[in-house]
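These are the residues of each chain, in order.
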Amino acid sequence: MADTLTDAAPGYPMPRAAGCPFAPPPAVEELRDAAPLGKVRIWDGSTPWLITRHADQRALLTDPRVSNDDLRPGFPHVSAHRAGIARTTPRMITNTDAPEHTRLRRMVTGPFLIKRVEAMRPAVRRIVDRLIDDLLAGPRPVDLLTALALPVPSLVICELLGVPYEDHAFFHHNSSRALDRSLPPEEAGAAGRALGGYLAKLLDQKLTDPADDVLSELGERVTAGEMTHDEAVHMGVAMLIAGHETTATMIGLGTLALLRNPEQLAVLRGTEDPKAIAGAVEELLRYLTIVDSGIRRVALEDIAIGGLTIRAGDGLLFDLAAANRDPRAFEGDAAGLDLGRPARHHQAFGYGPHQCLGQSLARLELQVVYGTLYRRIPGLRLAVPFEEIEFVPDGTTYGVRALPVTW
């Protein structure tokens, strides 16, 4: 099965099926159902292991013999451009192992603790309600992405980090380009440098005039000698990108999925029960799994799993979407959307010590949006045929380019 998949696939990630845009690529699901592991060919001709089953991913993502260090030989970079960036990027929580990863993560965990995030719920509700008020008072149709999906997480992460929201168009444009795999490396690199320069200047301002925000806290770490200026800048860039890009994508794609599943939309629209809404968010995260480039690691030692042996130096690709539809891990029809399904054990945020730092904030934002939008605008519907919706297959996250809606 591994050889067949390698020969059939020109590379990884593979495109999702045109007729089923929410599902993982058929070849990946075939591998998951037929064999425990297989190999795929990526851009540089190497053939890392593709891990598709839920249990296998959990075992390997918590195995100390699996490394997140993207400078190690055999690490399966997403592109030549990303491999080049790795050589110049400071060591951060996204590319280190314990104990360095533990030290760095501890420096930025505080703002994302569940208690502190939960305290933000009233403010997020005010943001969402105000934006929906503007929607209802404005013209129709409207692009839900620009009118709601992007502003909600952008306003929240700007407030949290201490970034002026009036610059949101700049950082959204450049973050999208920095993550776009279809762009020439020099263009994506220029976008990344623009973001770094912007955050560096802002951090310098916080060093002399601190406020009650995360960038000021990072500045304090720099002053105390606990991290370098470059580390703080790259940490800020990573949080700024992840803090708005992924949640905005989930709001847009999740709304589209619900509009395509009206019986599920009715369930969500008809409840104000916080537990039911929270459960619906988990199922949507599982069903959509927007991190399209997968998680990438490299083996430090030989690892026996599923009757096979992963050798030291072998690259590992974790297809989260395939694992999140693994029928061994989820009740009922794992390929379908069921908002009543227990799905909290999904891996949309990854798993293990490197799982998404901002997951509690993302959950809060999605709970407020999903629990408010469809109840306040019960007639919400697509303003164009579904076939005209354009999907974005070349970024780190999989979503829609625009979502024209009316009511």
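This report concerns the structure included in the present document.

Conventions and cut-offs
By convention here, each chain's residues receive numbers from 1 onward along its written sequence. Thresholds applied to this predicted model are a pLDDT of at least 70 for local features of residues and 80 or more for the giving and counting of side-chain atom pairs; totals over whole chains, interfaces and linings are not thresholded and use all residues. Water and hydrogen atoms play no part in the side-chain values, which are based on all heavy atoms of the structure. At least two bridges found by DSSP between two strands is the condition for calling them paired. Helix and strand labels come from DSSP, where a helix needs a run of H or I of at least four residues and a strand needs a run of E of at least two; each type is numbered from the N terminus. For helices, the fitted axis covers only the stretch in contact; all axes are lines through C-alpha atoms, and the angles between them, taken along N-to-C directions, range from 0 to 180 degrees. Relative orientations are named as follows: roughly parallel for angles under 35 degrees, roughly antiparallel for angles over 145 degrees, roughly perpendicular for angles from 65 to 115 degrees, and oblique for any other angle. Left-handed is the label given to a crossing in which the near helix is rotated counterclockwise from the far helix by less than a right angle, and right-handed is the label when the rotation is clockwise. What makes two residues a contact is simply this: any of their non-hydrogen atoms within 4.5 Å. Polar here means any residue outside two lists: the nonpolar Ala, Val, Leu, Ile, Met, Phe, Trp, Tyr, Cys and Pro, and the charged Asp, Glu, Lys and Arg; Gly therefore counts as polar. Note on exposure labels: buried denotes an accessible area under 20% of the residue type's maximum, exposed denotes more than 50%, and partly exposed covers the range between, all computed with a 1.4 Å probe on protein chains only. Salt bridge, as used here: a side-chain nitrogen of Lys or Arg that lies within 4 Å of a carboxyl oxygen of Asp or Glu. Here a polar contact is taken to be a pair of N or O atoms separated by no more than 3.5 Å, where protein atoms must pair a possible hydrogen donor with a possible acceptor and residues adjacent in sequence count only if both atoms sit in side chains.

## Here we look at the sheet that holds strand 4 (residues 142–143)
So, step 1. Spatial ordering of the open sheet is given by 4-12-9, a layout of three strands whose pairing is antiparallel. Two strands lie at the open edges of the sheet, namely strand 4 and strand 9 (381–382), each paired on one side alone.
So, step 2. Direction of pairing for strand 4 relative to strand 12 (residues 404–406): antiparallel, over a ladder of two bridges. Paired with aspartate 143 across the bridge in strand 12 is proline 404.

## Concerning the packing of helix 10 (residues 168–179) against helix 11 (residues 185–208)
Two measures define how a pair of helices packs: the angle their axes make with one another and the distance between the axes.
So, step 1. Interaxial distance between helix 10 and helix 11 falls to 7 Å at its minimum, and their mutual angle equals 140 degrees. What the angle tells us is that helix 10 and helix 11 run oblique. Helix-helix and strand crossings are classified by hand; for helix 10 and helix 11 the assignment is left-handed. Along the contact surface, helix 10 presents Phe170, Phe171, Asn174, Ser175, Arg177 and Ala178, while helix 11 presents Glu187, Ala188, Ala191, Gly192, Ala194, Leu195 and Tyr198.
So, step 2. For the contact of helix 10 with helix 11, the residue count by class is eight nonpolar, three polar and two charged.

## Focus on the pairing of strand 5 (residues 295–299)
So, step 1. For strand 5, the buried fraction is high: five of the five residues fall into the buried class.
So, step 2. Along strand 5, one buried face is formed by Ile295, Arg297 and Ala299 and the opposite face, lined by Arg296 and Val298, is buried too.
So, step 3. Across two bridges, strand 3 (residues 66–67) lies against strand 5 in antiparallel orientation. Residue serine 67 lies in a different strand from strand 5, and its bridge partner there is valine 298.
So, step 4. Pairing of strand 5 with strand 8 (residues 315–318), which is carried by four bridges, proceeds in the antiparallel orientation. Opposite valine 298, over in strand 8, you have glycine 315 as the bridge partner.

## Notes on the pairing of strand 8
So, step 1. Every second residue of strand 8 is oriented toward a common face, with Gly315 and Leu317 on one face and Leu316 and Phe318 on the other, all of them buried.
So, step 2. Pairing geometry for strand 2 (residues 49–51) and strand 8, over three bridges, is parallel. Among the inter-strand pairings, leucine 50 is bridged to a residue of strand 8, identified as leucine 317.

## Overview of the pattern of salt bridges
So, step 1. Under the definition given, this model contains 20 salt bridges.
So, step 2. Here arginine 72 makes a salt bridge to aspartate 69, at a shortest N to O gap of 3.9 Å.
So, step 3. For aspartate 69, a relative accessible area of 18% translates into the label buried.
So, step 4. The partner of arginine 91 in a salt bridge is aspartate 69, and the shortest N-O contact between them spans 3.0 Å.

## Topic: the sheet that holds strand 8
So, step 1. Read from one edge of the open sheet, five strands run 1-2-8-5-3, paired in mixed fashion. Lying at the two open borders of the sheet, with one neighbouring strand each, are strand 1 (37–39) and strand 3.

## Some points on the environment of serine 46
So, step 1. Mapping serine 46 onto the fold places it in the loop between strand 1 and strand 2.
So, step 2. Serine 46 gets classed as partly exposed once you look at its relative accessible area, which sits at 29%.
So, step 3. In the structure, serine 46 is positioned 28 residues away from glycine 74 in sequence and 8.4 Å away in space, judged by C-alpha atoms.
So, step 4. Those residues within four positions of serine 46 in sequence are excluded, and the remaining contacts are Val40 and Arg41.
So, step 5. Only 2.6 Å separates the side chain of serine 46 from the side chain of aspartate 44, close enough to count as a polar contact.

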